[in-house]
Every structure is written in structure tokens, then in C-alpha cells.
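# Close look at the chain arrangement
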Amino acid sequence: MSVLNNYSNIMHAIVEAYECYLSPQSSVCGKIMELLGQNKIDHHQRQVVILSQDSFYKELTSEQKAKALKGQFNFDHPDAFDNELVLKTLWQIIKGETVQIPVYDFVTHSRKDEFVTVYPADVVLFEGILMFYSQEIRDLFQMKLFVDTDADTRLSRRVLRDIGERARDLEQVLTQYITFVKPAFEEFCLPTKKYADVIIPRGADNQVAINLIVQHIQDILNGGLTKRHNGCMNGHNTPARQRLTSESSSRPH
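Since the structure is predicted, the reported quantities are computational estimates derived from the model, not experimental observations.

### Looking at the environment of valine 214
Here valine 214 shows up in helix 7 (residues 207-221). C-alpha of valine 214 to C-alpha of lysine 31: the two residues are 183 residues apart in sequence and 9.1 Å apart in space. Discounting chain neighbours no more than four positions away, the residues touching valine 214 are Ile32, Leu35 and Leu36.

### Some points on the packing of helix 5 (residues 151-165) against helix 6 (residues 170-189)
Where helix 5 contacts helix 6, the two axes come as close as 10 Å, and the packing angle between them is 135 degrees. By the angle between their directions, the pair helix 5 and helix 6 is classed as oblique. In this structure, helix 5 meets helix 6 at a crossing whose hand is right-handed. Touching Ala151, Arg154, Leu155, Arg158, Val159, Asp162 and Ile163 of helix 5 are Leu170, Val173, Leu174, Gln176, Tyr177, Val181 and Phe185, all from helix 6.

### Observations regarding the packing of aromatic side chains
Enumeration over the complete set of coordinates arrives at nine aromatic pairs. With a centroid separation of 5.3 Å and 45 degrees between ring planes, the pair formed by tyrosine 57 and tyrosine 104 is classed as tilted. Highlighted residues: tyrosine 57 in the loop between strand 2 (48-52) and helix 2 (62-69) and tyrosine 104 in strand 3 (residues 99-105), separated in sequence by 47 residues. Aromatic pair tyrosine 57 and phenylalanine 106: ring centres 5.9 Å apart, planes at 85 degrees, arrangement edge-to-face. Note that tyrosine 57 is positioned in the loop between strand 2 and helix 2 and phenylalanine 106 in the loop between strand 3 and strand 4 (110-118), a separation of 49 residues in sequence.

### Section: the packing of helix 1 (residues 28-36) against helix 7
Across the interface, helix 1 lies against helix 7 with an axial gap of 10 Å and an inter-helix angle of 55 degrees. With respect to their mutual orientation, helix 1 and helix 7 come out oblique. In this structure, helix 1 crosses over helix 7, and the sense of that crossing is right-handed. Where helix 1 approaches helix 7, its residues Val28, Lys31, Ile32, Leu35 and Leu36 are matched on the opposing element by Gln207, Ile210, Asn211, Ile213, Val214, Ile217 and Gln218. Looking at the contact of helix 1 with helix 7, its residues break down into eight nonpolar, three polar and one charged.

### Structural notes on a nonpolar patch on the surface
On the surface, Ile163, Leu170 and Leu174 cluster together into a nonpolar patch covering about 230 Å² of accessible area. Here leucine 170 falls in the partly exposed class, since its relative accessible area comes to 43%.

### Remarks on the nonpolar core
Leu90, Phe126, Met131 and Phe141 are the most contacted members of the largest nonpolar core, which totals 41 residues. For this core, the secondary structure elements donating two or more residues are strand 1 (10-15), strand 2, helix 3 (83-94), strand 3, strand 4, strand 5 (123-127) and helix 6. Counting residues in each nonpolar core, the second largest holds 21 residues, with Val28, Ile32, Met143 and Ile210 among its members.

### A look at unusual backbone geometry
Its identity as a non-glycine residue notwithstanding, histidine 109 has a phi of 60 degrees, on the positive side. Topologically, histidine 109 is positioned in the loop between strand 3 and strand 4. Here the phi dihedral of arginine 202 falls at roughly 70 degrees; this positive angle occurs in a residue that is not glycine. Looking at the secondary structure, you find arginine 202 in the loop between strand 7 (198-201) and helix 7. On the basis of relative accessible area, arginine 202 is assigned to the exposed category, the value being 53%.

### Focus on the sheet that holds strand 7
An order of 2-5-1-6-7 is seen for the five strands of this open sheet, with the pairing classed as parallel. On the outer flanks of this sheet lie strand 2 and strand 7, each paired with one strand and no other. Taken pair by pair, the neighbouring strands of this sheet meet at an average axis angle of 20 degrees, ignoring direction. As paired elements, strand 1 and strand 5 share five bridges and run parallel to each other. Opposite histidine 12, over in strand 5, you have leucine 125 as the bridge partner. With respect to the sheet, helix 3 is in contact with strand 1, strand 2 and strand 5, its orientation differing from that of strand 5 by roughly 165 degrees.

Each value, and the rule that gives it
Residues numbered from 1 in each chain as written. Predicted model: local features only at pLDDT ≥ 70, side-chain atom pairs only at ≥ 80, totals over all residues. Heavy atoms only, no water. Helix = DSSP H or I, 4+ residues; strand = E, 2+ residues; numbered from the N terminus. Contact = heavy atoms within 4.5 Å. Axes fitted to C-alpha atoms, helices over the stretch in contact; angles between N-to-C directions. Parallel < 35°, antiparallel > 145°, perpendicular 65-115°, else oblique. Left-handed = near helix turned anticlockwise from the far one by under 90°. Phe/Tyr/Trp six-rings, centres within 6.5 Å; stacked < 30°, edge-to-face > 60°. Nonpolar A, V, L, I, M, F, W, Y, C, P; charged D, E, K, R; others polar. Patch = residues over 30% accessible without salt bridge, like charges linked within 9 Å, V, L, I, M, F, W, Y side chains within 5 Å. Areas by Shrake-Rupley, 256 points an atom, 1.4 Å probe, with all protein chains shown as cover. Salt bridge = Lys/Arg side-chain N within 4 Å of Asp/Glu carboxyl O. Buried < 20%, exposed > 50% of the residue type's maximum accessible area, 1.4 Å probe, protein only. Core = buried A, V, L, I, M, F, W, Y, C linked by side-chain atoms within 4.5 Å. Pairing = 2+ DSSP bridges.

Quick look at the structure:
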């Protein structure tokens, strides 16, 4: 992609209210990428990219990892995330830099020795259950979306994901849900709904809402909204973005 002078990275934060339990193709972000045709474009050339808060879990101590393997560590608490790294990464993106995103292994509860390379893009979608919790982080986003999903649907999707993808048994999943997930959702995630600019009920099934978001992003990509920012993001000056050519050390998933 050519250099776009005086363009800023348009950041959208998406609290998926446990839509993140879905496969990427079934999540709201996945649907957006599919409708924009961005999932069929080479990663070097994509105008829209997705980042996940799940990539930014902190490194666990030996004691914490032992608890995690028993389902006794709260991964839904704000302290579980490396917000310093999130902020650093977001500011690199704002400056038009290529960033290295850590890859988290949910079976071993540790970061892998590899990274996913994300190249400069016109629109960045950042999804996660606590994207609005930190004011310093949420203030960087130009649009904040809260994807609301029925509690029973959230639980059923979590059970299917944790058993099918993360090698956990049903009893462990349900215990963790009752002990950590549901209380953390009610204490930390749900209250941040008030910060949302747009609330999307029924998640990826809400085709009308998704179509509206897709149209909004298409307007940005066509220059109608992006040019109005004139190289600024929420008052922050941003230099011209440059497409770098370094290779990814792993492929996004």
C-alpha cells in the first residue's frame, strides 16, 4: 500500500461482551472483515486490521501458572492484562509503525516465543472484554462498540470453546465461570457499557448493526471521514504512515 499523507489510524474499540468466545469468522470483528473483503487480502496490504486484548495477558509467575492450570486464576480481572504493553502498542500504531503482537498459549497459560506482525492500516479494530476499563486506553479510540450477548449464550460458547480448544473438562469450565468469569463480567465489564458509542445487541447475528459499522468503515477507507482528521487522532498529531516490509514471524489466527 502506498504512503497516505495526512491520514491517521482510525481506532475502534470493541467490547465483545464474551463474543470473543466465538471463532474469528463468527465474531462481530470477523463479520466486519468478511463483509469488507479484508480477510482475503495479504496482511501487508490490509486497510483494516484486528487486534485482540487476549494477546496481551501478562506473563504469569510459577505460582499463578499453577493456579491457572487448576482453573483457579482469574483471567477476567483487569490486572490480568498487560496494559502498559497495550498502551505502547497503540501509540506505535498511532505513529504509523509496524508492531509485534505477542501470541498467548491458552493451554500452557504463557506467551509463545513468537509474534504476529501487524502492519500500518487505515482502520484498527481492537476487541476484548475490558477494552473500556482503563480510561487511558479507551480515550485513544475514536469509536467504542459494546457487543451485548445473552448470558446463556455466553456460557454455552465458553463451554464449547474451552473444551474444544483449550483441553479443559466441563467441571473445570463451569467452576471457573461461576467463581471468576460471571462475577468479573458483572463487576468490571458490564459497567463499561456506559462508555460505548454504539451498543450492538445479539452480537454477530445483528446484521443491521454490522452493516452500519461496515458502511462507516467503508466511508473512512474511501477518504470521506479520514480526511477530516487531517493527520490527527483525538487531538494527537500523527505523522504520515509508511508501509514497512519486514516479514511476520508467525501468521495471525
